[in-house]
Amino acid sequence: MYYVKAPAKINLTLDVLHKRPDGYHEVEMIMTTVDLADRIGLEVREDGAIHILSVDRFVPNDHRNLAYQAAKILKEMYNVKLGVSIKIEKNIPVAAGLAGGSSDAAATLRGLNTIWNLGLTLDELAQVATKIGSDVAFCVYGGTALATGRGEKIQKLPSPANCWVILAKPTLGVSTADIYGNLKINDITHPNTEQMIQAIKKKDFELMCASVGNVLEDVTLKLYPEVAVLKEQMQKFGADAVLMSGSGPTVFGLVNQESRVQRVYNGLRGFCDEVYAVRLIGDRDTLA
Ligand SMILES: C[C@](O)(CO)[C@H](O)COP(=O)(O)OP(=O)(O)OC[C@H]1O[C@@H](n2ccc(N)nc2=O)[C@H](O)[C@@H]1O
Ligand SMILES: Nc1ncnc2c1ncn2[C@@H]1O[C@H](COP(=O)(O)OP(=O)(O)OP(=O)(O)O)[C@@H](O)[C@H]1O
């Protein structure tokens, strides 16, 4: 079995510029990977079939799985005769705003490139990724990046100031399409993406905390008030910056002092079953 790591992402910023004629939203967002990861095991099959093995009851075991779709598209595009068995060990919460499915698909692309001996570059794999979902291209590279277009155009950024990330996921899943669908374009407070880029380049933790922003947050908070409560709790327990990731409902807190990590983590455990204290990975080389 050949294993590949599929880390979760958080959005340090997420801005929407306008709605496009194709129904997608033109975005400008900064994403970075954290060290909460699924593990994808791949085994070549001589019969050409694609099989998914997953024990998580929320993760589909068939063609609906994004890892399955990744294998199918890659196989068709490059006329591969071999098949694959894909084992998914799920650690990233599902439908959480952490790109779990997208990262599984991206890891599958990277892994198949190796075990099917395709010799493709990451840029070529990212092209394939855009056919699977908007977040998959970013997940092919990992690290930290500015994503534009519908999320598939990736410009690499250096890794930000290192810090702890507390993730808290309430027991509800959200539909990304619903959240974008409820966004009122004329009623948006835009985050300062340029300032966040400067904060990352200077490895300035305080400026990074001052620059976080996600225009989807208000939409999700209105639909699910429990997410707002979680945000307040995270602030109260002393995180330096608190934001919802992606379309939610996971809320993350940035903390740079190790002594405060435990306080925020323990405080939230009282309110929320799924709490994780992880570190920013931020650097794409860690995927290699
Ligand atoms: C919320 C984020 O996760 C932030 O990173 C992404 O923008 C969404 O990425 P994703 O889950 O990979 O999204 P996709 O699977 O491509 O799209 C799901 C649905 O979200 C909406 N969608 C997604 C991306 C985008 N730029 N505009 C949209 O309006 C569309 O209704 C689409 O049908
Ligand atoms: N490998 C996979 N892991 C998890 N969910 C998957 C996978 N493949 C397909 N799905 C489906 O995708 C849905 C969304 O799951 P996912 O965990 O990717 O959401 P997300 O973290 O909100 O993604 P994003 O942040 O990219 O919007 C799930 O409800 C599930 O049915």
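Looking at an unreviewed UniProt entry, one finds the chain named 4-diphosphocytidyl-2-C-methyl-D-erythritol kinase and attributed to Psychrobacillus lasiicapitis. Within the UniProt record for the chain, the comment given under Sequence similarities (unreviewed entry) is "Belongs to the GHMP kinase family. IspE subfamily." Under the UniProt heading Catalytic activity (unreviewed entry), the note attached to the chain is "4-CDP-2-C-methyl-D-erythritol + ATP = 4-CDP-2-C-methyl-D-erythritol 2-phosphate + ADP + H(+)".

**Digging into the site of ligand 1**
Taken together, 19 residues form the shell around ligand 1, and within it H25, S134, D135, R150 and Y180 come nearest. The contact in question runs from an oxygen atom of ligand 1 to an N or O atom on the side chain of H25, over 2.7 Å. With respect to ligand 1, the side chain of D135 contributes an N or O atom lying 2.6 Å from an oxygen atom. Relative to its free-state accessible area of 650 Å², ligand 1 is covered by the protein chains to the extent of 80%. Elements represented by at least two residues in the shell around ligand 1 include exactly β1 (2-19), β2 (25-45) and α5 (176-181). Counting residues per element, the shell around ligand 1 draws most heavily on β2, at four residues. Here the shell around ligand 1 is composed, by residue class, of seven nonpolar, nine polar and three charged. Structurally, the shell around ligand 1 is a two-domain feature, drawing no fewer than three residues from each of domain 1 (2-157) and domain 2 (164-284).

**Describing the site of ligand 2**
Near ligand 2, the surroundings consist of 21 residues, among which A95, A99, G101, D104 and D135 are the closest. In this structure, an oxygen atom belonging to ligand 2 sits 3.1 Å away from a main-chain N or O atom of L98. D104 is positioned such that a nitrogen or oxygen atom in its side chain is 2.9 Å from a nitrogen atom of ligand 2. In isolation ligand 2 has 610 Å² of accessible area, and contact with the protein removes 78% of it. The leading source of residues in the shell around ligand 2 is helix α2 (residues 100-115), at four residues. Of the residues in the shell around ligand 2, the class split is 10 nonpolar, six polar and five charged.

**Here's the deal with the nonpolar core**
Ranked by internal contacts, the top residues of the largest apolar core, which has 70 residues, are V84, I86, L109 and M234. Taken together, domain 1 (2-157) and domain 2 (164-284) each give at least three residues to this core, which thus spans both. Not counting the four nearest positions on each side in its chain, V84 is found in contact with L42, E43, R45, A49, I50, H51, A71, L112, I115 and W116. Core analysis: the second largest hydrophobic core is formed by 29 residues, L146, V165, M196 and F205 among them.

**Overview of the sheet that holds strand β11 (residues 274-279)**
The strand order β9-β10-β7-β11 describes an open sheet built from four strands, whose pairing is antiparallel. The two strands at the open ends of the sheet, each matched to only one other strand, are β9 (241-244) and β11. For this sheet, the mean angle separating the axes of adjacent strands, direction not counted, is 20°. Note that strand β7 (residues 164-169) and β11 share six bridges and pair antiparallel. In the sheet register, L167 faces β11, and the bridge partner there is Y276. Running over the sheet, helix α9 (residues 225-236) touches β7, β9 and β10 (251-255) and is turned about 10° from β10.

Parameters and conventions
- Residues numbered from 1 in each chain as written.
- Chains lettered and ligands numbered in written order.
- Predicted model: local features only at pLDDT ≥ 70, side-chain atom pairs only at ≥ 80, totals over all residues.
- Heavy atoms only, no water.
- UniProt positions renumbered as here; feature names shortened; annotations may be inferred.
- Near = heavy atom within 4 Å.
- Polar contact = N/O pair within 3.5 Å; in protein donor to acceptor, adjacent residues only side chain to side chain.
- Areas by Shrake-Rupley, 256 points an atom, 1.4 Å probe, with all protein chains shown as cover.
- Helix = DSSP H or I, 4+ residues; strand = E, 2+ residues; numbered from the N terminus.
- Nonpolar A, V, L, I, M, F, W, Y, C, P; charged D, E, K, R; others polar.
- Domains from an automatic or database assignment.
- Core = buried A, V, L, I, M, F, W, Y, C linked by side-chain atoms within 4.5 Å.
- Buried < 20%, exposed > 50% of the residue type's maximum accessible area, 1.4 Å probe, protein only.
- Contact = heavy atoms within 4.5 Å.
- Pairing = 2+ DSSP bridges.
- Axes fitted to C-alpha atoms, helices over the stretch in contact; angles between N-to-C directions.

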